[in-house]
Amino acid sequence: MYNAQQHREEQHWNQHKLSTEVRAPEARLWRYDKPAVILGRSQHAMMQTEAAIASAGIDVIARDAGGGAVLVGPWMLSASVVLPAAHPLVTLSTAKSYQWIGDVYASALAAIGVATQVLTPDEAHAWKQDNRASSIAWACFGGLSPGEVVIDGRKIVGFAQVRKRNGILLVAGLLLHKPDWTALCEAMGKPQQDAATLARCTTSCAEQLGRHVAAEDIADALELSLRQAIGADPD
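Residues numbered from 1 in each chain as written. Predicted model: local features only at pLDDT ≥ 70, side-chain atom pairs only at ≥ 80, totals over all residues. Heavy atoms only, no water.

This part is about the nonpolar core. Formed by 37 residues in total, the largest nonpolar core has its most connected members in V37, M76, W138, L184 and L198. In terms of residues, this core owes the most to one element, helix α5 (residues 181-188), which gives 6 residues. Sequence-distant contacts of M76, defined by excluding residues within four places in its chain, comprise W30, R31, Y32, V70, L71, F141, G173, L174, L175 and L176. L77, L83, V104 and I151 belong to the second largest nonpolar core, which has 34 residues in total. (Core = buried A, V, L, I, M, F, W, Y, C linked by side-chain atoms within 4.5 Å. Buried < 20%, exposed > 50% of the residue type's maximum accessible area, 1.4 Å probe, protein only. Helix = DSSP H or I, 4+ residues; strand = E, 2+ residues; numbered from the N terminus. Contact = heavy atoms within 4.5 Å.)

In structure tokens form, the structure reads like this:
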């Protein structure tokens, strides 16, 4: 497992892996000592807010994957998975690409005592119909997609992906404990009621277990499961 001292190392790794043809599947985990805002591909125009975010002591980084803004930090364990374009887990459906990785996370979480559900396409569609006017769609954890991992409808693992001719990149974020949603809203210039909404529609390992959960509690088993699922070198 790679301990990301600098958040940009993760994005550099992701970009580098897709810069040439992906010939073998790989998986890498990331954890963070300090918070940073990671903007989705459609939010790159918001990079103009970098100075304001930096002045608050939070770095801001653009990623190639889609989705909304993510506040990474000590509360999150992230993963990057790269697959060759012809890998059997790669499907034509973007949404269906998350099913297998959702199952891996659900199993890993069950092993530490956290019972979850992997969202079905029908459940995700129903949620979107009910939340079309959601005020927190700008945040990755403010929405739900098929294959993402939830507990009673509250998101605990979020996914995003990049699909290129060279291969596929899947990224995942697991909430170990509650993020500083207030800091995210301040950095993004969003109203503080959005922080309360994000807290209601998400949960974490610590909240579910009633105790502190460290990355080490799940990282090794999760990384091994990801590598086994994609057929990567276990080392």
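Attention now goes to the packing of α5 against helix α6 (residues 193-200). Close contact between α5 and α6 brings their axes to 8 Å; oriented N to C, the two are set at 140°. One finds that α5 runs oblique with respect to α6. Seen along the crossing, α5 lies across α6 with a hand that is right-handed. Each of W181, T182, L184 and C185 in α5 lies in contact with α6, whose residues at this interface are D194, A195, L198 and A199. Split into classes, the residues belonging to the contact of α5 with α6 amount to 6 nonpolar, 1 polar and 1 charged. (Axes fitted to C-alpha atoms, helices over the stretch in contact; angles between N-to-C directions. Parallel < 35°, antiparallel > 145°, perpendicular 65-115°, else oblique. Left-handed = near helix turned anticlockwise from the far one by under 90°. Nonpolar A, V, L, I, M, F, W, Y, C, P; charged D, E, K, R; others polar.)

Within the chain, D152 stands out as a residue other than glycine whose phi angle is a positive 50°. Structurally, the position occupied by D152 is in the loop between β8 (149-151) and β9 (154-164).

Take the pattern of salt bridges next. Applying the stated criterion across every chain yields a total of 7 salt bridges. Residue E148 is joined to K155 by a salt bridge in which the shortest nitrogen-to-oxygen separation is 3.0 Å. Taken individually, E148 and K155 each receive the classification buried, so the pair is uniform in this respect. For the salt bridge of R154 with E207, the shortest nitrogen-to-oxygen distance reads 2.9 Å. Of the two residues, R154 is situated in strand β9 and E207 in helix α7 (residues 205-209); the sequence distance between them amounts to 53 residues. Residue R154 is classed as partly exposed on the basis of its relative accessible area of 22%. (Salt bridge = Lys/Arg side-chain N within 4 Å of Asp/Glu carboxyl O.)

Another aspect to go through is the sheet that holds strand β4 (residues 59-62). The 3 strands are arranged β4-β3-β5 in an open sheet whose pairing can be described as mixed. The open sheet is flanked by β4 and β5 (70-72), the only strands paired with a single partner. Pairs of neighbouring strands in the sheet enclose a mean axial angle of 25°, with direction left out of account. As paired elements, strand β3 (residues 36-39) and β4 share 4 bridges and run parallel to each other. Its bridge partner lying in β4, V37 is registered against V60. (Pairing = 2+ DSSP bridges.)

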